[in-house]
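Structural description and commentary
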Amino acid sequence: MRAPAIAAVLALASTARADAPKPIVGARVEGHSKLTPDTALRLAHVHLGDPITAAQIPQLEASWMSSELFKSAHVTLEDTPKGVVMVATLDDKMSWIAAPTLYVLPSNWAVGVGYAENNLFGQNRKVLLYGQLGNHTSMFFGTYLIPYVRGTPLQLRFDLYLLDHDIDEYTN
């Protein structure tokens, strides 16, 4: 009678140890993605050394999907002697777009091109560039955004706006 009870206790203990949180010792990104492992950790809201269990996998996947950078996100945890390696299999959405512009009126015309990137260098950085040349108005607009500076909630943004405009309206 005692043997089945001891076996049940040992089985329960090994199950509890398997579900025990283990520290994250690394991250790896697989699949069709240019995301860096550091950025993958930041988007999942976890850090190296944080304890994690398999029960948290849906939360990690939801964090990546909420960034709107991926078509799909799947996570596995690989055991290592010191903890687990978080393996993210990600499928990126198209993160950039380029488009020409044309503006034509009887006395005013302009042509331009714009470019936007939503995941620059796989680090979740944003860039927007637009240039226009015309007979009355020429311009350049550029924005560069770092959504977190060195893992803090601070953002860094640079904007540049150059304008050359000929004014042909006068007051009396």
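Above this text sits the structure in question.
Residues numbered from 1 in each chain as written. Predicted model: local features only at pLDDT ≥ 70, side-chain atom pairs only at ≥ 80, totals over all residues. Heavy atoms only, no water.

Taken in spatial order, the four strands of this open sheet run S2-S1-S4-S3, and their pairing is mixed. Among the strands making up the open sheet, the edge pair consists of strand S2 (51-52) and strand S3 (70-80). Sheet topology note: the strand S1 (residues 22-30)/strand S4 (residues 83-92) ladder contains six bridges and is parallel. Bridging across to S4, isoleucine 24 finds its partner in valine 84. Packed onto the sheet, helix H3 (residues 57-66) meets S2, S3 and S4 and runs at close to 145° relative to S3. (Pairing = 2+ DSSP bridges. Helix = DSSP H or I, 4+ residues; strand = E, 2+ residues; numbered from the N terminus. Contact = heavy atoms within 4.5 Å. Axes fitted to C-alpha atoms, helices over the stretch in contact; angles between N-to-C directions.)

For a regular strand, side-chain orientation follows a simple rule: the groups alternate between the two sheet faces. Burial of strand S8 (residues 137-146) is extensive: seven of the ten residues sit out of reach of the surface. Direction of pairing for strand S7 (residues 125-134) relative to S8: antiparallel, over a ladder of seven bridges. Among the inter-strand pairings, tyrosine 130 is bridged to a residue of S8, identified as phenylalanine 141. Between S7 and the antiparallel strand that follows it, S8, lie two residues. (Buried < 20%, exposed > 50% of the residue type's maximum accessible area, 1.4 Å probe, protein only.)

With that settled, the discussion passes to the layout of surface pockets. Here the largest pocket is characterised by a volume of approximately 230 Å³. Lining the largest pocket are 15 residues, and of these Arg42, Leu43, His45, Asn124 and Tyr148 sit closest to its centre. Elements represented by at least two residues in the lining of the largest pocket include exactly helix H2 (37-43) and H3. The element that contributes the greatest number of residues to the lining of the largest pocket is H2, accounting for three residues. Partitioning the lining of the largest pocket into residue classes produces six nonpolar, eight polar and one charged. Here the second largest pocket is characterised by a volume of approximately 200 Å³. Forming the boundary of the second largest pocket are 13 residues, of which Thr39, Arg42, Gln123, Arg125 and Tyr148 lie nearest the centre. Looking at the lining of the second largest pocket, the element that brings in the most residues is H2, giving three residues. Looking at the lining of the second largest pocket residue by residue, the class counts come to five nonpolar, four polar and four charged. (1 Å grid on protein atoms, 1.4 Å probe; cavity = no way out; pocket = protein on both sides within 12 Å on 5 of 7 lines; lining within 4 Å. Points joined across faces, edges and corners; volume = space filled by probe spheres on them. Nonpolar A, V, L, I, M, F, W, Y, C, P; charged D, E, K, R; others polar.)

Below, the discussion takes up unusual backbone geometry. The backbone of histidine 45 sits at a positive phi, close to 65°, despite the residue not being glycine. Positionally, histidine 45 belongs in the loop between H2 and S2. The exposed category is assigned to histidine 45, whose relative accessible area is 61%. Of note, the phi angle at phenylalanine 121 is positive, near 60°, even though the residue is not glycine. Structurally, phenylalanine 121 can be placed in the loop between strand S6 (108-120) and S7. Taking relative accessible area as the criterion, phenylalanine 121 reaches 59% and is therefore assigned exposed.

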